[in-house]
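# Chain and residue survey
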Amino acid sequence: MAIKDMLVLLDNGYATSDRPVVPRGTGNADVDAIGPGPTLAVDLARRLEAHVTGVALAVDPIVPGFVVAPLPVEVIEQARTQAMEVARTATDRFRVIAERGGVAAETRVAEILMGGAPEGFVVNCRSTDLVVIGQDDPDRPEPMREAMIETALFEGTAPLLVVPYISRGAIALDRVMIGWDGSRTAARAVQAAMPLLALAKKISVVMIEKAGSTPGQPGAELATWLARHGLDVELVQVEAPDISVADALLDHAADKAFDLLIMGGYGHSRVREFLLGGATRGILATMTIPVLMAH
């Protein structure tokens, strides 16, 4: 299915900066104004001729458990009003960039009450073709960003594209890497990424060999299937006996200068509602290129 409708989570941290709402130039200036995730979403929507919806979060203040006396209503209302103003500023900035890029766009504000579940955001993630979220930037932390990534991945129905905070807001898509382990989630990620794979000049199906791995080439069938779609595919096996799967994938992606990593997203719910698997969490913590995941 083609990607004709995209959803991007906006970065509130840029809404409070002194950067101009209408930046000069292209690329880096847009990132400085709205953040790498929204900038990449606008660029990708333009290339795919897709509509993009920017969603900003307005998170109500969370009262710490050690506070005995209730906070005055005026304080809570003031914090709520400020959160809404920041979210609206983020949507205003995004709308300007999208219009300047010639992209059909709309904006929404999702309010999260007193640390509750992000139901408004979840609903949006179930009626789109692709969700784009920027990795949390330690210098510009976003409210509930990790929870939003987990929510989109496990509660939404669309694939999730996570953009590293070091990104400059554009994606080449010339060289695409598929982290393949034969799982259902990895297969879903590849199928969801087909519109992006069609833009690639070279695709590598990469399998990480660990101690006890099944011998042979389990990615051969996938490579054959992709080749039948007219894609230029190679099959690569990477030995990584002493490092994690996440590190092996990212090291290989850096060594070969890939533009995008496609992989399955894993998780279970034993400790809290959403808990990312080890490889998934490792990728999201140290990623240097955009990663498309599906669950």
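Predicted model, so just to flag it, every value in this text is computed and none were measured.

With 54 residues, the main nonpolar core has Met6, Ile178, Leu197, Leu226 and Ile262 as its most contacted residues. For this core, the element with the most residues is helix α3 (residues 73–100), which contributes seven residues. Counting residues in each nonpolar core, the second largest holds 39 residues, with Phe121, Ala152, Met177 and Val291 among its members.

As enumerated under the stated definition, the model contains three cavities of 30 Å³ or more in all. Of the pockets and cavities examined, the largest cavity occupies roughly 70 Å³. Taken together, Asp11, Tyr14, Pro36, Gly134, Gln135, Asp136, Asp137, Arg140, Glu142, Arg145 and Tyr165 form the lining of the largest cavity. Partitioning the lining of the largest cavity into residue classes produces three nonpolar, two polar and six charged. A volume near 50 Å³ is recorded for the second largest cavity. Around the second largest cavity sit Leu10, Asp11, Tyr14, Ala15, Ala33, Ile34, Pro38, Ala90, Arg93 and Phe94, which together line it. Residues that form the lining of the second largest cavity fall into these classes: eight nonpolar, no polar and two charged.

Bringing the pattern of salt bridges into the picture now. Applying the stated rule across the entire model yields eleven salt bridges. The salt bridge involving Glu111 is made with Arg80; its shortest N-O contact spans 3.5 Å. With Glu111 in strand β3 (residues 105–112) and Arg80 in helix α3, this residue pair connects regions lying 31 residues apart in the sequence. Taking relative accessible area as the criterion, Glu111 reaches 37% and is therefore assigned partly exposed. Measuring nitrogen to oxygen at the nearest pair gives 3.2 Å for the salt bridge that ties Glu155 to Arg126. You can see Glu155 sitting in helix α5 (residues 145–155) and its partner Arg126 sitting in the loop between α4 (119–125) and β4 (130–134), a full 29 residues away along the chain. Judged by relative accessible area, which is 43%, Arg126 ranks as partly exposed. Connected through salt bridges with shared partners, the residues Asp11, Glu142 and Arg145 form a single ionic network.

What follows concerns the pairing of strand β7 (residues 202–209). Along β7, six of the eight residues are buried, which leaves the element largely enclosed by surrounding structure. Where strand β6 (residues 175–179) lies against β7, five bridges are found, and the strand directions are parallel. Across the sheet, residue Arg175 finds its bridge partner in β7, namely Lys202. In this structure, β7 lies alongside strand β8 (residues 233–239), joined through seven bridges in parallel fashion. Following the sheet pairing, Ser204 is matched in β8 by Glu234.

Turning to the pairing of strand β12 (residues 291–294), a few remarks are in order. Across the two faces of β12 the burial is the same, with Val291 and Met293 and Leu292 and Ala294 all buried. Taken together, the three bridges between strand β5 (residues 160–163) and β12 define a ladder with antiparallel strand orientation. The residue bridging Leu160 from the neighbouring strand is Met293, located in β12. As defined by bridge partners, strand β9 (residues 260–264) adjoins β12 across four bridges and the pair is classed as parallel.

What counts and what doesn't
- Residues numbered from 1 in each chain as written.
- Predicted model: local features only at pLDDT ≥ 70, side-chain atom pairs only at ≥ 80, totals over all residues.
- Heavy atoms only, no water.
- Core = buried A, V, L, I, M, F, W, Y, C linked by side-chain atoms within 4.5 Å.
- Buried < 20%, exposed > 50% of the residue type's maximum accessible area, 1.4 Å probe, protein only.
- Helix = DSSP H or I, 4+ residues; strand = E, 2+ residues; numbered from the N terminus.
- 1 Å grid on protein atoms, 1.4 Å probe; cavity = no way out; pocket = protein on both sides within 12 Å on 5 of 7 lines; lining within 4 Å.
- Points joined across faces, edges and corners; volume = space filled by probe spheres on them.
- Nonpolar A, V, L, I, M, F, W, Y, C, P; charged D, E, K, R; others polar.
- Salt bridge = Lys/Arg side-chain N within 4 Å of Asp/Glu carboxyl O.
- Pairing = 2+ DSSP bridges.

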